[in-house]
Structures are given as C-alpha cells and as structure tokens.
Amino acid sequence: QVQLVESGGGLVQPGGSLRLSCAASGRYIFSIYRMGWYRQAPGKQRELVAAAIKDGATNYADSVKGRFTISRDNAKNTVYLQMNSLKPEDTAVYYCNALITTVQATTDYWGQGTQVTVSS
C-alpha cells in the first residue's frame with residue numbers, strides 16, 4: 001500500500017513564500033512516473049498546479065508560472081513545490097498526486113491535502 005504525506009502548508013502574507021513537500025512511501029513501489037500538485041479552493045473545482053515527470057519534464061498552470069517551481073528527489077520519492085510571490089487567490093487546499101507503479105498495478109494516489117492560506 002502506498003501513502004502520500006504532505007507537509008509545508010500554512011498561513012502566509014501576500015508576497016510571501018512557502019515550500020510544500022510530499023513523500024511517497026510503500027514497500028513495493030517500482031516506479032513513480034509523475035508527481036504533482038493540485039489545489040482546490042472553496043466553491044471551485046480541483047485544478048492542476050504543477051506536475052513533474054520522472055525524466056524531468058514539468059508543466060504548470062498558467063496562473064502560477066514564474067512564481068512556483070516543482071522539483072523531485074527521486075531517491076527520496078519526494079516532490080516539492082516552491083511557492084513564491086504568493087497571492088490571496090493561491091489560497092486553497094493543496095493535494096499531492098502521484099502515478100505510481102507497484103508490484104501489483106499502476107495507480108493514481110492522492111495525499112490528504114495541506115491548507116495554504118494567503119492573507120494580509
């Protein structure tokens with residue numbers, strides 16, 4: 001069984017920075033093809049923020065390009081999201097997502113979410 005554990009959320013003022021971390025754990029992980037972050041604000045649909053493929057390719061939502069940076073530490077099965085120049089509209093619950101192949105199957109996994117609040 002695979003678990004994704006997120007950390008790093010919190011309250012920050014506009015213009016501030018946060019770094020989110022997500023670590024995947026599981027005895028039978030064979031490969032993690034994609035790790036990324038989604039977010040969901042109250043009353044809105046969940047949206048992709050950023051994703052990183054194992055070979056290093058990345059993609060970002062237009063709203064965060066130039067402000068957020070996603071990175072992976074494959075040795076630690078961990079993905080990070082460095083968030084700079086935060087805006088109130090970035091306020092949301094951020095969910096880690098990973099496409100992981102185990103000994104049994106290839107499956108999308110989700111973390112429980114971490115709250116990011118940007119407010120003055």
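Residues numbered from 1 in each chain as written. Predicted model: local features only at pLDDT ≥ 70, side-chain atom pairs only at ≥ 80, totals over all residues. Heavy atoms only, no water.

Novice: I tried to follow the overall build of the protein on my own but got confused; where do I start?
Specialist: Helices and strands together make up the secondary structure of the protein, namely zero helices and eleven strands. In the protein, the order of α-helices and β-strands from amino to carboxyl end is β-β-β-β-β-β-β-β-β-β-β. Its C-alpha atoms give the protein a radius of gyration of 14 Å, within 12% of the compact-globule value 14 Å for 120 residues. Across its three principal axes, the protein shows a C-alpha extent of roughly 45 × 25 × 20 Å. By the burial criterion, 41% of the 120 residues in the protein qualify as buried. Residue pairs at least 24 apart in sequence account for 54% of intrachain contacts in the protein once pairs closer than 6 positions are excluded. (Helix = DSSP H or I, 4+ residues; strand = E, 2+ residues; numbered from the N terminus. Rg over C-alpha atoms; globule rule 2.2 N^0.38 Å. Buried < 20%, exposed > 50% of the residue type's maximum accessible area, 1.4 Å probe, protein only. Contact = heavy atoms within 4.5 Å.)

Novice: Explain the nonpolar core to me, please; I cannot follow it from the model alone.
Specialist: Ranked by internal contacts, the top residues of the largest apolar core, which has 31 residues, are Trp37, Leu81, Met83, Tyr94 and Ile100. If you list the elements that add at least two residues to this core, you get β3 (18-25), β4 (29-40), β5 (47-53), β7 (68-73), β8 (78-83), β9 (92-102) and β11 (114-118). (Core = buried A, V, L, I, M, F, W, Y, C linked by side-chain atoms within 4.5 Å.)

Novice: Whenever I open this one, unusual backbone geometry confuses me. Can you help?
Specialist: Note: most peptide bonds trans; most residues except glycine with negative phi. Phi at asparagine 77 takes a positive value of approximately 50°, unusual for a residue other than glycine. Tracing the sequence through the fold places asparagine 77 in the loop between β7 and β8. For asparagine 77, a relative accessible area of 24% gives the class partly exposed. Positive phi is not limited to glycine here, since serine 85 has a value of about 50°.

Novice: Before we go on, may I ask you to explain the sheet that holds β7 in this structure?
Specialist: Picture the strands of a sheet paired through backbone hydrogen bonds; they go either parallel or antiparallel. Pairing is antiparallel across the open sheet formed by four strands, whose spatial order is β1-β3-β8-β7. Each having just a single partner strand, β1 (3-7) and β7 make up the two edges of the open sheet. The sheet shows a mean angle of 15° between the axes of neighbouring strands, direction not considered. Here β3 runs beside β8; their pairing, made up of six bridges, is antiparallel. Bridge pairing in β8 places arginine 19 opposite glutamine 82. (Pairing = 2+ DSSP bridges. Axes fitted to C-alpha atoms, helices over the stretch in contact; angles between N-to-C directions.)

Novice: Sorry, what's going on with the pattern of salt bridges here?
Specialist: Once their charged atoms are close, side chains differing in charge can pair, the charge on each being opposite to the other. Going through the model one piece at a time under the given rule, you end up with five salt bridges. Here arginine 39 makes a salt bridge to glutamate 47, at a shortest N to O gap of 2.8 Å. With a shortest N-O distance of 2.8 Å, arginine 67 and aspartate 90 are connected by a salt bridge. Note that arginine 67 is positioned in the loop between β6 (58-60) and β7 and aspartate 90 in the loop between β8 and β9, a separation of 23 residues in sequence. Grouping residues by exposure puts arginine 67 and aspartate 90 together as buried. Overlapping salt bridges, with partners in common, bring together Arg39, Glu47, Arg67 and Asp90 in one network. (Salt bridge = Lys/Arg side-chain N within 4 Å of Asp/Glu carboxyl O.)

Novice: Teacher, can you tell me more about the pairing of strand β10 (residues 106-110) here?
Specialist: Residues in a regular strand project their side chains so that they alternate between the two faces of the sheet. Relative to β10, β9 is paired through five bridges, and the arrangement is antiparallel. In the sheet register, leucine 99 faces β10, and the bridge partner there is aspartate 108. Hairpin connection from β9 to β10: three residues lie between these consecutive antiparallel strands.

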